[in-house]
Amino acid sequence: MPQDPLIDAALAARSMAYAPYSRFTVGTALRTTDGATYAGCNVENAAYPEGTCAEAGAIAAMVLAGGRRIAELVVAGGGSAPCAPCGGCRQKLREFAGPEMVIHIVDAAGQTLLRTSLAELLPHSFGPDNLAR
Ligand code: THU
């Protein structure tokens, strides 16, 4: 069965991850509301806290290309537990997405482990609207 191209993009991004310290590779691919796709992988660093998550890479690629609104995100991690975005990435995603954004978490083979939303992962969130005057 053909797989969702967004899942394929997340798996391809995962294959490029740089994770020599945790050995936990992650790939993400997001689709914007205007239909463009951007992907990212985690990039670790010998100074551990300087590593960046896959979600951050995909967001940076989107912003560089002029994208501003995320409709859907696929996260591909390893293991059998869903690789849910970390707390910091939930907030980073919130900047460019509303509560309805779909977050689809898959395993290394692209099989769905969890389908959720930003509202579920980050309830009562603080976003750009809170700063509107
Ligand atoms: N990581 C991500 O890139 N995205 C997630 O959603 C969770 C965790 C990365 C950070 C670090 O490089 C590795 O996974 C282990 O925490």
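Structure shown above.
Not measured: the values here are computed from a predicted model.

Draft legend 1. Spatial organisation of the site of the ligand. Around the ligand sit Ser-22, Phe-24, Val-26, Asn-42, Glu-44, Cys-53, Ala-54, Glu-55, Cys-83, Ala-84 and Pro-85, and those are all the residues in its vicinity. At 2.9 Å from an oxygen atom of the ligand is found a side-chain nitrogen or oxygen belonging to Asn-42. In isolation the ligand exposes 380 Å². Once the protein is present, 77% of that is buried. Residue classes in the shell around the ligand are distributed as seven nonpolar, two polar and two charged.

Draft legend 2. Fine view of the pattern of salt bridges. Summed over the entire model, instances satisfying the criterion amount to one salt bridge. Between Arg-31 and Glu-72 there is a salt bridge, with the nearest N and O atoms lying 2.8 Å from each other. In this pair, Arg-31 sits in strand E1 (residues 27–32) while Glu-72 sits in strand E3 (residues 70–76), placing the two residues 41 residues apart along the sequence. The exposure class assigned to Arg-31 is partly exposed, which follows from its relative accessible area of 32%. For Glu-72, a relative accessible area of 9% gives the class buried.

Draft legend 3. Broad picture of the sheet that holds strand E2 (residues 37–41). Spatially, E2-E1-E3-E4-E5 is the arrangement adopted by the five strands of the open sheet, whose pairing is mixed. Edge strands, defined here as strands with exactly one partner in the open sheet, are E2 and strand E5 (112–117). The average angle at which neighbouring strand axes cross in this sheet is 15 degrees, direction not considered. Two strands pair when backbone bridges link them, and E1 and E3 are joined in this way by six bridges, in the antiparallel orientation. What sits directly across from Thr-28, in E3, is Val-75. Packing of helix H1 (residues 5–14) onto the sheet brings it into contact with E1, E2, E3 and strand E4 (102–106), and relative to E1 it is tilted by some 145 degrees. Against the sheet, helix H2 (residues 54–64) makes contact with E1, E2 and E3, and its axis sits at roughly 140 degrees relative to E2, the strand it touches most.

Draft legend 4. Structural view of H1. When H1 is considered as a whole, its buried residues turn out to be Leu-6, Ile-7, Ala-10, Ala-13 and Arg-14. Buried residues along H1 cover an arc of 125 degrees about the axis, so they all sit on one side. Buried residues along H1 sit in contact with E1, E2, E3 and E4. With a side-chain oxygen positioned 2.8 Å from the backbone nitrogen of Leu-6, the residue opening H1 is Asp-4.

Reading the values: rules and limits
Residues numbered from 1 in each chain as written. Predicted model: local features only at pLDDT ≥ 70, side-chain atom pairs only at ≥ 80, totals over all residues. Heavy atoms only, no water. Near = heavy atom within 4 Å. Polar contact = N/O pair within 3.5 Å; in protein donor to acceptor, adjacent residues only side chain to side chain. Areas by Shrake-Rupley, 256 points an atom, 1.4 Å probe, with all protein chains shown as cover. Nonpolar A, V, L, I, M, F, W, Y, C, P; charged D, E, K, R; others polar. Salt bridge = Lys/Arg side-chain N within 4 Å of Asp/Glu carboxyl O. Helix = DSSP H or I, 4+ residues; strand = E, 2+ residues; numbered from the N terminus. Buried < 20%, exposed > 50% of the residue type's maximum accessible area, 1.4 Å probe, protein only. Pairing = 2+ DSSP bridges. Axes fitted to C-alpha atoms, helices over the stretch in contact; angles between N-to-C directions. Contact = heavy atoms within 4.5 Å. Arc of directions from axis to C-beta.

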